[in-house]
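# An overview of the molecular structure
Residue-level listing of the chains:
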Amino acid sequence: MASVSATCPRFQPLFSHSNKTGRAAGLKLVSVGWAKFTGFPSLKASRFRVSCSAKPETVEKVIEIVRKQLALKPETVLTSETEFVELGADSLDTVEIVMTLEEEFDINVEEESSQNITSVQEVADLIEKLVQQKAQGES
């Protein structure tokens, strides 16, 4: 499932003329869209991200491999949001996890990509992307 999200903070004066209660107007976040920015250009911030959510079976396979590689007890709870550092994994553990995933899914993970992986979900999303790229390349 693909999703698109965009965020653009719009900075407004601290006190709005239409604000009769005298409370600060502060920051206003605008989602899925772009606001015309007329204020301080140095404060302008925009972000656009497209992400694909991995299949549940991919997430489960990643969890299984992480559990085995880190020799975790069966009662240790792992979810897609679990970060490797929470499990006590260091960079060597992450490299070993990536190598096992490469063998399991018959993919090749670039070193640069593997250095940015911090959670089960990130790994699963990367696997889905690489498997999809490989399938497109073979057709």
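Residues numbered from 1 in each chain as written. Predicted model: local features only at pLDDT ≥ 70, side-chain atom pairs only at ≥ 80, totals over all residues. Heavy atoms only, no water.

## Side note on the pattern of salt bridges
- Applying the stated criterion to the full structure yields three salt bridges.
- A salt bridge links Glu 64 to Lys 61; the nearest nitrogen and oxygen atoms lie 3.2 Å apart. With Glu 64 and Lys 61 both in helix 1 (residues 56-69) and three residues apart, this pair spans about one turn of that helix.
- Residue classification places Lys 61 among the partly exposed positions, given a relative accessible area of 23%.
- Notably, a salt bridge pairs Glu 104 with Lys 61, separated by 3.4 Å at the nearest N-O pair. A residue pair is termed long-range when its members are at least 10 positions apart, and Glu 104 in helix 2 (residues 91-105) and Lys 61 in helix 1 qualify at 43 residues.
- Relative accessible area serves as the criterion here: at 44%, Glu 104 is assigned to the partly exposed category.
- Each of Lys 61, Glu 64 and Glu 104 takes part in a single network of salt bridges with overlapping partners. (Salt bridge = Lys/Arg side-chain N within 4 Å of Asp/Glu carboxyl O. Helix = DSSP H or I, 4+ residues; strand = E, 2+ residues; numbered from the N terminus. Buried < 20%, exposed > 50% of the residue type's maximum accessible area, 1.4 Å probe, protein only.)

## What to know about the side chain of Thr 58
- Take Thr 58: it is sitting in helix 1.
- Not counting the four nearest positions on each side in its chain, Thr 58 is found in contact with Phe 105, Ala 124, Ile 127 and Glu 128. (Contact = heavy atoms within 4.5 Å.)

## Remarks on the packing of helix 1 against helix 2
- Contact pair helix 1 / helix 2: the axes reach a minimum separation of 10 Å and the direction vectors enclose 135°. Judged on the interaxial angle alone, helix 2 and helix 1 are oblique. When you trace helix 1 past helix 2, the crossing you get is right-handed. For the pair formed by helix 1 and helix 2, the contact residues are Thr 58, Lys 61, Val 62, Ile 65, Val 66 and Gln 69 on the first element and Glu 96, Ile 97, Thr 100, Leu 101, Glu 104 and Phe 105 on the second.
- Residues that form the contact of helix 1 with helix 2 fall into these classes: six nonpolar, three polar and three charged. (Axes fitted to C-alpha atoms, helices over the stretch in contact; angles between N-to-C directions. Parallel < 35°, antiparallel > 145°, perpendicular 65-115°, else oblique. Left-handed = near helix turned anticlockwise from the far one by under 90°. Nonpolar A, V, L, I, M, F, W, Y, C, P; charged D, E, K, R; others polar.)

## Side note on the side chain of Thr 94
- As for its position among the elements, Thr 94 is in helix 2.
- With residues near it in sequence (within four places) discarded, Thr 94 still touches Phe 84, Ser 114 and Ile 117.

## Some details on the nonpolar core
- Ranked by size, the top nonpolar core spans 24 residues in total, and within it Val 62, Val 66, Leu 70, Phe 84, Leu 101 and Val 123 carry the most contacts.
- At the level of secondary structure, the elements contributing two or more residues to this core comprise helix 1, helix 2 and helix 4 (120-138).
- Sequence-distant contacts of Leu 101, defined by excluding residues within four places in its chain, comprise Val 62, Ile 65, Asp 106, Ile 107, Val 123 and Ile 127. (Core = buried A, V, L, I, M, F, W, Y, C linked by side-chain atoms within 4.5 Å.)

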